[in-house]
Amino acid sequence: MKKQGLFITLEGPDGGGKTTQAQQLARWFRLYGREVLITREPGGTPTAENIRELVLDPALDLSAETETLLQLAARADHVAQAIRPALEAGQVVLCDRFSDSTLVYQGILRNMDLAQLRKLNDFATRGLRPDVTLLLDGDPRELVKRREDRGTVDKFELQGLEFQDRIRGGYLQLAQEEPDRILVVDALREPEVVTEEIIRKLEKWV
Ligand code: TYD
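Everything numeric here is computed off the predicted structure, so don't read it as measured data.

A.B. asks: Looking at this model, I keep getting lost on the pattern of salt bridges. Mind explaining?
C.D. replies: In the structure shown here, the tally under the stated rule is 14 salt bridges. The salt bridge involving Arg110 is made with Glu67; its shortest N-O contact spans 3.1 Å. Remark: Glu67 occurs in helix H3 (residues 64-88) and Arg110 occurs in the loop between helix H4 (99-108) and helix H5 (114-125); sequence separation between them is 43 residues. Taken together, the shared-partner salt bridges connect Asp186, Arg189, Glu197 and Lys201 into one network.

A.B. asks: Would you explain the environment of Val55 in this entry?
C.D. replies: Mapping Val55 onto the fold places it in helix H2 (residues 46-55). Accessibility expressed as a relative area gives 0% for Val55, which makes it buried.

A.B. asks: Explanation requested: the sheet that holds strand E1 (residues 6-11) in the structure shown.
C.D. replies: Whenever strands of a sheet pair, they do so through backbone hydrogen bonds, lying parallel or antiparallel. Read across the open sheet, the five strands follow the order E2-E3-E1-E4-E5; overall the sheet is parallel. Of all the strands in the sheet, just strand E2 (36-40) and strand E5 (182-186) have a single pairing partner and so form its edges. Between one strand and the next, the sheet's axes are offset by a mean angle of 20°, whatever the strand orientation. Pairing analysis gives four bridges linking E1 to strand E4 (residues 132-137), with the strands arranged parallel.

A.B. asks: Sorry, what's going on with the site of the ligand here?
C.D. replies: What surrounds the ligand is a group of 17 residues, the closest being Asp14, Arg52, Arg97, Thr102 and Gln106. For the ligand, an oxygen atom lies 2.8 Å from a polar atom in the side chain of Arg52. A total of 550 Å² of accessible area belongs to the ligand in isolation, and the protein chains cover 93% of it. Listed by contribution, the elements that provide at least two residues to the shell around the ligand are H3 and H4. Looking at which element gives the most residues to the shell around the ligand, the answer is H4, with four residues. The class makeup of the residues in the shell around the ligand is four nonpolar, four polar and nine charged.

Cut-offs and rules
Residues numbered from 1 in each chain as written. Predicted model: local features only at pLDDT ≥ 70, side-chain atom pairs only at ≥ 80, totals over all residues. Heavy atoms only, no water. Salt bridge = Lys/Arg side-chain N within 4 Å of Asp/Glu carboxyl O. Helix = DSSP H or I, 4+ residues; strand = E, 2+ residues; numbered from the N terminus. Buried < 20%, exposed > 50% of the residue type's maximum accessible area, 1.4 Å probe, protein only. Pairing = 2+ DSSP bridges. Axes fitted to C-alpha atoms, helices over the stretch in contact; angles between N-to-C directions. Near = heavy atom within 4 Å. Polar contact = N/O pair within 3.5 Å; in protein donor to acceptor, adjacent residues only side chain to side chain. Areas by Shrake-Rupley, 256 points an atom, 1.4 Å probe, with all protein chains shown as cover. Nonpolar A, V, L, I, M, F, W, Y, C, P; charged D, E, K, R; others polar.

Written as structure tokens, this is what we have:
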């Protein structure tokens, strides 16, 4: 029987360990013989990585509309060229950020209409939505320590704790609206403990 693809996205404020958890999950799925694609947004294809350079460039002053459309253009290419083909081949796709990032960073933070953004997301992805989304959640004051350790700071991370609080609140709002898809995971524990909890929570989808 052909293996079914599984589309998992990882979301949350900066510094919640999305990359580490994606790598651990990939290892776990591979142990069970699954092929895994780990990817990220904005990015994941040559075109989308080019758009990433633009959209994350702190020197550019992008309007909310421009920023949104660039994120969506990157997503459209990423889905068409990488994610959908992998799912059709039966792979597990682990994507670091996806449509929910647009709802939070452009929608909630930049006051864009969420219903309209959801439609635009569906347009960009031709209706592809994650099977399950892991929201790696934690108090930004604690998460900021990880960002400092990591030593990478991007345009959005430069904007301070109040901003990070709004990001967290935005994600929790989305999780409340879609509790069946968005699973909230406490990201402040040791990475191994977080991975174990995620694996337990994913049992239903595996
Ligand atoms: P990235 O450098 O990948 O860092 P991290 O995921 O560790 O925070 O950050 C990408 C940034 O792009 C992040 O700050 C959120 C932002 N973003 C949006 O604003 N909209 C989107 O649709 C996506 C996918 C990302």
